[in-house]
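This is what each chain is made of:
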Amino acid sequence: MNPGNRESGIGNGQGDASRPTIFASSIPHSPLPIPGARALHVALVAGEASGDGLGAGLIAKLRERFPDARFAGIGGDAMRAADCETWFDAGELAVMGLAEVLRHLPRLLRLRTSFRRRVLDWKPDVFIGIDAPDFNLGVERWLKQRGVRTVHYVSPSVWAWREKRAEKIGQSADRVLCLFPMEPPIYARHAVDARFVGHPMADAIPLHPDRGAARAVLGLRADAPVLAVLPGSRLGEIHRLAPVFLEAARKVAAEIPELQVVVPAANAACRQALENLLSDTHSPHSGFRLIDGQAREAMIASDAVLLASGTATLEAMLCKRPMVVGYRIAPLTYTLVKGLGMLKVERYALPNVLAGEDLAPELMQDDCTPEKLAAAVLRWFRHPDAVAALRPAYLRLHEQLRQDASARAADAVAELVAEPTPVGAT
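Keep in mind it's a predicted model, so treat the numbers as computed, not measured.

Participant: Can you walk me through the overall build of the protein in this structure?
Facilitator: Each helix and strand counted, the protein has 17 helices and 13 strands in total. Here the contacts in the protein between residues at least 6 apart in sequence split such that 72% fall between residues at least 24 apart. Put simply, the protein shows about 18200 Å² of open surface, and 54% of that area lies on carbon and sulfur atoms.

Printed below as a string of structure tokens:
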């Protein structure tokens, strides 16, 4: 059901800022001495754009603590700009879908074997796997067995899917860096060292985003209502959700005079699919506008957001916009997931999960229909008092997540490498 991809958090009221346990295991913001005379060697792997950005931020903060440190591994343009020597490009790991993974499996296995041997020969003081758990956790475990300290940055969603994975992750990583405060207690139940460092997106987005400026950037009227529609960033999601979302938006447009509907396309393929869907309709609406990227600007510019469950719900919350969340998966997959008890949450949208209450309507599976989505969106437009009541809750969550994540992650890494060398280390 895609309750939030990598980002996590649990309910039970733990989103309350008055609970001191949220910020357990705080880390001092100061350089720590590193044993030995040679410069710190840090190996890293980021397998996609988001991880590349996390890696670049972490490298910059580690550089402040260790000016002579060397960084190498797998990354993209952002990590290279941060002075990381990339032995392989992050794009080498950007494989999605079962068929594509199977087709690339021999190459990926060769890359993994070559990479982990090169890392070991380089003798790093620490290896940091950034997200990409399918690749990184295996590399981490192999290196940890050979005495290399290992860190996994961005916890898989153990809060939603098979909590016992936390124990296996601990067999790979000496320390897990979590983006959400509710994850470390889960790891603690399995005797795994996990630290909450905050969420970089919460650092990047202002506490009070400027709607007028966003509308100006997008060329939208300042005095007309705006609905942002985000049916997903992958073609599979577009094909499954966009017809329903666009029809819901048409129903809203029929009720809201002069409504501007903004539909960001994540890439060229998604744009083409969305264009085809809009042109196929028998009743196109002149207020619909496709844009390339700029999803965050579209959210900030909007009065309400209709979007797919996933990381985008966190972004909409940080942008302080009311939202309606919808999602569908294949019926057989849904039956299996529910029947086998694999999904452990009652809420899917990250703001709801973090707050432990229903801040945003969730319309999943059979409830994800144009009629129900449109009705939920219209409630936000027709009840400004409900929108106003929502903002303090969103602001509180934003402040909890805004912890200068790169700096806290760097402190956690520095603390780990300053510890005595593990027994049996090479």
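Don't stop here, the text continues.
Participant: How should I be thinking about helix 15 (residues 370-382) in this particular structure?
Facilitator: Note on helix geometry: an α-helix contains 3.6 residues per turn, so any two residues three or four positions apart are oriented the same way. End to end, helix 15 covers 18 Å across 13 residues, agreeing with the expected 18 Å (1.5 Å per residue, within 8%). Turning to helix 15, its buried residues are Pro 370, Leu 373, Ala 374, Ala 376, Val 377, Leu 378, Trp 380 and Phe 381. Against the buried residues of helix 15 lie strand 8 (226-230), helix 9 (235-255), strand 11 (304-308), strand 12 (323-327), strand 13 (362-364) and helix 16 (384-401).

Participant: What exactly am I supposed to notice about the side chain of Arg 195 here?
Facilitator: Along the chain, Arg 195 falls in strand 7 (residues 194-196). According to the relative accessible area criterion, Arg 195 is buried, its value standing at 12%. Of note is the side chain of Arg 195, whose polar atom sits 2.9 Å from the side chain of Asp 193. Here the side chain of Arg 195 touches Glu 415 through a polar contact of 2.9 Å, side chain to side chain.

Participant: So what exactly am I meant to see when it comes to the sheet that holds strand 12 here?
Facilitator: Strand pairing in a sheet takes place through backbone hydrogen bonds and is either antiparallel or parallel in direction. Reading across from one edge, 10-9-8-11-12-13 is the order of the six strands in this open sheet, with parallel pairing throughout. The open sheet has two edge strands, strand 10 (288-292) and strand 13, and neither has a second partner. Between one strand axis and the next, the sheet turns through 20 degrees on average, direction left out of account. Pairing of strand 8 with strand 11 involves four bridges; the strand directions are parallel. Looking at the pairing, Val 229 lines up with Leu 306 of strand 11. With respect to the sheet, helix 10 (residues 268-280) is in contact with strand 9 (260-265) and strand 10, its orientation differing from that of strand 10 by roughly 170 degrees. Against the sheet, helix 15 touches strand 8, strand 11, strand 12 and strand 13, its axis set at about 170 degrees to strand 12.

Participant: Got a minute to help me understand the environment of Ala 248 in this structure?
Facilitator: The residue Ala 248 is located in helix 9 in this model. Every residue in contact with Ala 248, bar those within four places of it in the chain, is listed here: Leu 306, Pro 370, Leu 373 and Ala 374.

Participant: Can you help me understand the nonpolar core in this one?
Facilitator: Buried together is how nonpolar side chains tend to be arranged in soluble globular proteins. Core analysis: the biggest nonpolar cluster contains 123 residues, and Leu 44, Ile 128, Tyr 153 and Leu 227 have the highest contact counts within it. Among the elements that make up this core, the one with the highest residue count is helix 9 (10 residues). Ignoring anything within four residues of it in the chain, the contact list for Leu 227 reads Ala 249, Val 252, Leu 259, Gln 260, Val 261, Val 262, Ala 304, Val 305, Leu 306, Val 377 and Phe 381.

Participant: Would you mind showing me how to read the sheet that holds strand 1 (residues 41-46) here?
Facilitator: Strand order across the open sheet formed by seven strands is 3-2-1-4-5-6-7, with parallel pairing between neighbours. Looking at strand neighbours, the two that pair on one side only are strand 3 (85-89) and strand 7, the edges of this open sheet. Put simply, the sheet's adjacent strands are angled 20 degrees from each other on average, direction ignored. One ladder, built from three bridges, connects strand 6 (residues 175-178) with strand 7; its direction is parallel. Following the sheet pairing, Val 176 is matched in strand 7 by Ala 194. On top of the sheet, helix 4 (residues 133-144) reaches strand 1, strand 2 (70-75), strand 4 (126-130) and strand 5 (150-153); it is set at about 165 degrees to strand 5, its chief contact. Sheet strands touched by helix 17 (residues 405-417): strand 4, strand 5, strand 6 and strand 7. Its angle to strand 6, the strand with the most contacts, is close to 170 degrees.

Participant: Sorry, what's going on with helix 1 (residues 49-65) here?
Facilitator: Here helix 1 contains 17 residues, and its C-alpha end-to-end distance of 25 Å stays within 8% of the 24 Å for a straight helix at 1.5 Å per residue. Three or more residues of helix 1 are buried, namely Gly 51, Asp 52, Leu 54, Gly 55, Ala 56, Leu 58, Ile 59, Leu 62 and Arg 65.

Participant: Looking at this model, I keep getting lost on the packing of aromatic side chains. Mind explaining?
Facilitator: The relative placement of two aromatic rings is captured by the distance of their centres and the angle of their planes. According to the stated counting rule, one finds five aromatic pairs in the structure shown. Ring centres of Trp 87 and Phe 115 lie 6.0 Å apart, and the angle between their planes is 55 degrees; on these two criteria the pair is classed as tilted. A residue pair is termed long-range when its members are at least 10 positions apart, and Trp 87 in strand 3 and Phe 115 in helix 3 (residues 98-122) qualify at 28 residues. The class for Phe 115 is buried, based on a relative accessible area of 0%.

Participant: Would you take a moment to explain the side chain of His 41 for this structure?
Facilitator: By secondary structure assignment, the location of His 41 is in strand 1. His 41 gets classed as buried once you look at its relative accessible area, which sits at 8%. A distance of 2.9 Å separates the side chain of His 41 from the backbone oxygen of Ala 39, its partner in a polar contact. Residues within four places of His 41 in sequence aside, it is in contact with Arg 70, Trp 122, Lys 123, Pro 124, Asp 125 and Val 126.

What counts, and where the lines are drawn
- Residues numbered from 1 in each chain as written.
- Predicted model: local features only at pLDDT ≥ 70, side-chain atom pairs only at ≥ 80, totals over all residues.
- Heavy atoms only, no water.
- Helix = DSSP H or I, 4+ residues; strand = E, 2+ residues; numbered from the N terminus.
- Contact = heavy atoms within 4.5 Å.
- Areas by Shrake-Rupley, 256 points an atom, 1.4 Å probe, with all protein chains shown as cover.
- Expected span 1.5 Å × (residues − 1).
- Buried < 20%, exposed > 50% of the residue type's maximum accessible area, 1.4 Å probe, protein only.
- Polar contact = N/O pair within 3.5 Å; in protein donor to acceptor, adjacent residues only side chain to side chain.
- Pairing = 2+ DSSP bridges.
- Axes fitted to C-alpha atoms, helices over the stretch in contact; angles between N-to-C directions.
- Core = buried A, V, L, I, M, F, W, Y, C linked by side-chain atoms within 4.5 Å.
- Phe/Tyr/Trp six-rings, centres within 6.5 Å; stacked < 30°, edge-to-face > 60°.

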